[in-house]
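Chain residues, written in single-letter form:
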Amino acid sequence: MSRLVLKNGRIVDPVRQMDRVADLAIEDGVVREIAPAIGTTGAEVFDASGLIVAPGFIDMHVHLREPGFEYSETIETGSHAAAAGGFTSICCMPNTQPVNDSPTVTHYILERARQKAPVNVYPIGAITKGSAGEELASIASMKKAGIVAISDDGRPVMNARVIRRAMQLAASLNLPLIEHCEDLNLSAGGDMHEGLQSTRLGLRGIPRASEDVMVARDILLAELTGVRYHVAHISSKNAVDMVAYAKSKGLPVTAEATPHHFVLADADMAPYDSNYKMKPPLRESQDVAAVARGLANGTIDAIATDHAPHPGDEKMQEFERCPFGILGLETAIGLSLEHLYHSGKVGLSQLISMFTVRPARILSLERGTLAPGSPADVTIFSLDHEWTYDVNRSASKSRNSPFHGHLFRGGPIATIVGGQIVWRFA
Ligand SMILES: [Zn+2]
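Summarised in this report is the structure supplied together with it. (Residues numbered from 1 in each chain as written. Predicted model: local features only at pLDDT ≥ 70, side-chain atom pairs only at ≥ 80, totals over all residues. Heavy atoms only, no water.)

**With respect to the coordination of the zinc ion**
All of the protein donors around the zinc ion are D153 (OD), H180 (ND1) and H233 (NE2); their distances to the metal are 2.0 to 2.2 Å. Of note, the zinc ion draws all its donor residues from one chain, in the sequence arrangement D-x26-H-x52-H. On the criterion of sequence distance, the pair formed by D153 in the loop between β9 (150-151) and α4 (160-173) and H180 in the loop between β10 (177-179) and α5 (184-187) is long-range, its members being 27 residues apart. For H180, a relative accessible area of 5% gives the class buried. (Donors = N, O, S within 2.8 Å, 3.2 Å for Na, K, Ca; no water. Helix = DSSP H or I, 4+ residues; strand = E, 2+ residues; numbered from the N terminus. Buried < 20%, exposed > 50% of the residue type's maximum accessible area, 1.4 Å probe, protein only.)

**Re unusual backbone geometry**
Note that the residue after Q97, namely P98, is joined by a cis bond; omega there is 5°. Of note, P98 is situated in the loop between β7 (87-92) and α2 (103-116). P280 follows K279 through a cis peptide bond whose omega is -10°. Among the structural elements, P280 can be located in the loop between α9 (259-263) and α10 (285-297). Positive phi, normally seen in glycine, also occurs at S364, with a value near 55°. Of note, S364 is situated in the loop between α14 (357-362) and β16 (378-388). Residue classification places S364 among the partly exposed residues on the basis of a relative accessible area of 47%.

**What about the packing of α4 against helix α7 (residues 208-225)?**
It is the contact of α4 with α7, at a shortest axis distance of 10 Å, that shows an interaxial angle of 45°. By the criterion of interaxial angle, the relationship of α4 to α7 is oblique. Handedness of the α4/α7 crossing: right-handed. Here α4 contributes A160, I163, R164, M167, Q168 and A171 to the contact with α7, which in turn contributes R217, D218, L221, A222, L224 and T225. Counted by class, the contact of α4 with α7 contains 7 nonpolar, 2 polar and 3 charged residues. (Axes fitted to C-alpha atoms, helices over the stretch in contact; angles between N-to-C directions. Parallel < 35°, antiparallel > 145°, perpendicular 65-115°, else oblique. Left-handed = near helix turned anticlockwise from the far one by under 90°. Contact = heavy atoms within 4.5 Å. Nonpolar A, V, L, I, M, F, W, Y, C, P; charged D, E, K, R; others polar.)

**Side note on the sheet that holds strand β6 (residues 57-62)**
Across a sheet, paired strands are connected by hydrogen bonds in the backbone, their directions being either parallel or antiparallel. Taken together, 3 strands build an open sheet; the order of strands is β6-β7-β8 and the sheet is parallel. The strands lining the two open edges of the sheet, one partner per strand, are β6 and β8 (120-123). With strand direction ignored, the average angle separating the axes of adjacent strands in the sheet is 20°. Bridge analysis of β6 against β7 gives 4 bridges, and the strand direction is parallel. Within β7, the position partnered with V62 by the bridge is C92. (Pairing = 2+ DSSP bridges.)

**Details of α10**
Counted at 1.5 Å a residue, the expected span for α10 with its 13 residues is 18 Å, and the 18 Å between its end C-alpha atoms agrees. Among the residues making up α10, those that are buried are D287, V288, A290, V291, A292, G294 and L295. At the exit of α10 stands G298, carrying a positive phi of roughly 90°. (Expected span 1.5 Å × (residues − 1).)

Listed below in structure tokens is the structure:
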């Protein structure tokens with residue numbers, strides 16, 4: 001029997017409304033007991049004094065680039081970056097090569113993850129074949145193979161008739177449908193948010209409306225079909241308002257936000273620095289405030305990183321030619337602590353729920369709590385140790401982060417998956 005005891009941590013489990021200093025015992029990969037002064041005979045001991053002990057964090061939006069783009073990231077490197085960021089479970093988007101639109105690719109990802117990943121990897125299947133937006137992918141058989149949701153992330157489903165049929169099917173399979181909300185006709189050619197800053201920099205703009213019209217369309221179709229509908233990386237104030245409207249009507253609509261969308265505005269961009277180029281683009285300060293407010297008041301359910309690695313030679317081109325997306329896994333906890341918790345916008349238990357039970361419920365994962373009998377996935381972090389993010393030491397294969405050199409207050413200390421310590425702060 002393997003036994004691990006976490007001593008004297010502040011255990012915060014939102015599901016059980018628990019926030020107290022105690023010991024936590026893990027046996028054979030399962031949470032066994034939470035109590036004061038648990039005996040440690042024959043056990044490995046981790047001193048968690050002064051640290052937060054939380055259910056394992058789940059990132060429901062990650063790009064692992066394998067198969068097909070292994071020069072950017074692999075299942076192995078991306079999942080090590082996840083562990084270093086305090087995540088015990090990640091969900092990988094299907095925009096690989098080939099696209100994860102069939103059980104063959106789903107099985108491949110799960111098998112690679114079983115061999116190489118220190119964290120749990122849950123594949124998300126494509127909505128349409130090749131994510132081309134026309135014919136539905138093999139959704140039912142991918143569900144049997146192990147996908148936890150469907151999405152054509154990066155390539156939104158533009159045809160309303162196609163997305164309606166996908167929603168009907170997803171509803172009948174009880175699979176959540178995750179949309180990358182972007183009307184491609186409105187955003188075509190754009191490199192950053194359309195506004196004063198894009199005019200000033202002479203870059204082509206992506207209007208807020210490209211996101212808003214897609215969220216509006218989808219909420220109406222979600223009502224029609226009854227699908228569990230989830231808005232990926234929400235970034236505009238109107239979109240947040242529409243999700244609030246959907247929730248007020250009792251629709252099963254949820255949303256996630258990335259740290260960069262509640263931390264940075266377009267005016268914060270280092271001009272022409274592609275580490276600030278992503279979709280949706282960094283918007284204006286009123287949108288950043290609306291996203292933070294949406295997280296605080298529960299309109300936005302979860303924090304997800306949209307970890308999107310691109311290698312240096314792709315990101316070193318001129319701004320207009322660079323691909324969209326930035327790394328996210330290793331800075332998410334630090335940024336969330338700084339901008340939501342230390343700033344007083346969100347309490348600790350609420351912040352933890354955005355990384356644990358809420359994504360678990362959206363995806364129907366049997367995770368997100370430290371209740372005895374649960375899988376022993378644990379995220380241990382500090383609220384106040386100072387550390388500087390050095391992207392050149394990232395576990396990711398790529399280096400595209402605007403937070404290189406940022407001084408953080410609080411961040412991950414150890415990551416435990418299935419009772420094994422898979423990463424420790426060094
Ligand atoms: Zn996306």
